[in-house]
Each structure stands twice: as structure tokens, then as C-alpha cells.
Amino acid sequence: MSLARPALVSSSPVAAPVAAPAVGAARVLAGATVVVVLGYGYIEGIGHDRTNPLDYFGYFTNLTSLLTSGILISCGLRTIRGRPADARLVLARAASIACMIVVAVVYNGIVPGTAAAPPWVSATLHAALPIAVVLDWLLVGDRPPLSWRLIWIVLPYPLLWLAVVLVRGATDGWVPYGFLLPERGAASLAVTAAGLLAMLLVGAAAVWGGSRLTGVRGALRR
């Protein structure tokens, strides 16, 4: 007896349409721009004795922006070639958008102005990129509705990042954000982690709900 794998998306009689080539080009351009911005931020930090790439990409913003840019480029290349969205790539894209929502909310609403990078770099990663990926998701309807049973897919990456950061904080003393300092105590760290994960799930719910929107007709191939 063979066991069927669970559907990655909700059952729908109509396949998700393919976005227009211009949308694909915009995704590739946006992803490449973010990579350049991240590279500039790292090089700029060398002049301030911030040379360790593990520290630089230990920041949730930087690592998530890098992963999101890679996903954007991959989606864009498929779009340019006229290929429909791959289900696993759609899920990865959805998870990255949920994470970028957390990035925007935490930085702009909870700990504003704490980034060490130049202001324009910070604005690109904490505002422009999250806004762009959310609008892309909502306005371009080239993704099928996602199954609510798979909303957990947003959790492994942030949990792994959090585990690595806490281990580093307990061993070499480095943490990217003050609210994760070991001296705050286990109880405080647990509450902080729970709050961040709750925020992530709220963002993911918005992304999953947004996958049910049809988008703008002009963004799709005729």
C-alpha cells in the first residue's frame, strides 16, 4: 500500500496562472539589488571592525533578506521562462514573506533605529524589501491557495536561527539583538521567543490568507 503525500496547496480546479515576464524581471532585479545591498553592508562594516560573516549573517534581517532574495530570483527566472510556480518554491516564498513581516514589525515598531548599517541600507532591508514582497504576493496571483495544514512550514528556519543564536550567546557571548542577551535569564528569553514565534504565525496567517486573492489581472500572462 502506498501512502500519498499531502498536497502542498489547497485543492483547486484551476491551476495558478503564470505571471507576466515583466513581473519576473522585476523579481530578479529586486533580488539582485538586495544581494548588492547586503554585500555593501558587509564591506562597509569591515571599516568598523565588523569582519566576521557569521556575525553579519547572524542577524535575522540579513540572513532572511539573503534567503528571500534567492527565492525572489528563482521565482523570477521561472516567470521569465513562462513556467508555472513550483509548489515547494511557493511554500518557501510564503515562509520568507512571513519572516520579512516579522523583520519589518520588530525593527520599525519595537526596536527602531538599532541597526548598525547605513540608514539607506537599513531602510532597504527593514522596509522596502518587506513591503515589496508583500505587495508582490498580494497583487500578483501566480500562486495557488496554500493549505492551512502546512502553515507550520514557517517555523523550522526561525527556530533553527534562534537555537544557534542562543547557543552562541551562551558560549562566545555574541548575540545580534539585545533582547536575546543571556543575562536576561531563561524565563525572559522564553517569553521573548514565544512572542516572536506568535508574531511569525500571525504574519504567516496573513500570507496564507493572501494566497487566496486573485491578484491584479494585468500582472498575469494573457
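Throughout this document, residue positions are counted from 1 along each chain, in the order its sequence is written. With pLDDT at 70 or above as the cut-off, local features in this predicted model cover only qualifying residues; side-chain atom pairs require 80 or more to be listed or tallied, and sums for whole chains, interfaces and linings still use all residues. Hydrogens are left out, water is left out, and the side-chain values use all remaining heavy atoms of the structure.

Caption draft 1: The pattern of salt bridges, seen in detail. Just to be clear on terms, a salt bridge is a Lys or Arg side-chain nitrogen sitting within 4 Å of an Asp or Glu carboxyl oxygen. Tallying each qualifying case throughout the model produces seven salt bridges. The salt bridge involving R50 is made with E44; its shortest N-O contact spans 3.4 Å. Between buried and exposed lies partly exposed: a residue is buried under 20% and exposed over 50% of the maximum accessible area for its type, with that area taken using a 1.4 Å probe on protein chains only. When its relative accessible area of 34% is taken as the criterion, R50 is described as partly exposed. Several salt bridges converge on common partners, so that one network encompasses R27, R93, D136 and D142.

Caption draft 2: View of the packing of helix α3 (residues 60–80) against helix α5 (residues 119–139). Between N-to-C directions, angles cover 0 to 180 degrees, with each direction set by a line fitted to C-alpha atoms, over the stretch in contact for helices. In this text, helices come from DSSP runs of H or I with a minimum length of four residues, and strands from runs of E with a minimum of two, each type numbered from the N-terminal end. Where α3 contacts α5, the two axes come as close as 11 Å, and the packing angle between them is 35°. Seen along the crossing, α3 lies across α5 with a hand that is left-handed. Counting all contacts with α3, which are made through T61, N62, S65, T68 and L72, the residues of α5 involved are L125, H126, L129, V133 and D136. Polar here means any residue outside two lists: the nonpolar Ala, Val, Leu, Ile, Met, Phe, Trp, Tyr, Cys and Pro, and the charged Asp, Glu, Lys and Arg; Gly therefore counts as polar. A class-by-class count of the residues in the contact of α3 with α5 yields four nonpolar, five polar and one charged. Helix crossings fall into two classes, left-handed where the near helix is turned counterclockwise from the far one by less than a right angle and right-handed where it is turned clockwise. Contacts are assigned to residue pairs that have any heavy atoms within 4.5 Å of one another.

Caption draft 3: Quick peek at the state of the cysteines. Cysteine sulfur atoms are paired as a disulfide whenever they fall within 2.5 Å. What the rule picks out here adds up to zero disulfides. Cysteine C75 remains unbridged, with the sulfur of C99 as its closest cysteine sulfur at 15 Å. A relative accessible area of 2% means that C99 is categorised as buried.

Caption draft 4: Structural detail: helix α7 (residues 186–210). Over its 25 residues, α7 runs 36 Å from end to end, which matches the ideal 36 Å to within 8%, given 1.5 Å per residue. Three or more residues of α7 are buried, namely L189, A193, L200, G203, A204, V207, W208 and G210. Looking at the packing, one finds that the buried side of α7 touches α4 (87–110), α5 and α6 (156–171). In this scheme, a helix's expected span is set at 1.5 Å multiplied by one less than its residue total.

Caption draft 5: Highlighting the packing of aromatic side chains. Working definition: rings of Phe, Tyr and Trp (its six-membered ring) pair if their centres are within 6.5 Å, and the pair is stacked with planes under 30 degrees apart, edge-to-face with planes over 60 apart, and tilted otherwise. Under the defined criterion, the tally for this structure stands at nine aromatic pairs. Between Y40 and W120 the ring centres are 5.1 Å apart and the planes differ by 45°, which places this aromatic pair in the tilted class. Residue Y40 is located in helix α1 (residues 21–46), and its partner W120 is located in helix α5; the two are separated by 80 residues in the primary sequence. Both rings, one in Y56 and one in F57, keep their centres 5.0 Å apart while their planes meet at 85°; by these two values the pair is edge-to-face. Note on Y56: relative accessible area 14%, which makes it buried.

Caption draft 6: View of the side chain of S211. Secondary-structure assignment places S211 in the segment after α7. A distance of 2.6 Å separates the side chain of S211 from the backbone oxygen of W208, its partner in a polar contact. Once you skip the residues sitting within four places of it in the chain, S211 turns out to touch W137, R143, P144, P145 and L146. Think of a polar contact as two N or O atoms within 3.5 Å of one another; within protein, one of them needs to be a possible hydrogen donor and the other a possible acceptor, and neighboring residues in sequence only count if both atoms come from side chains.

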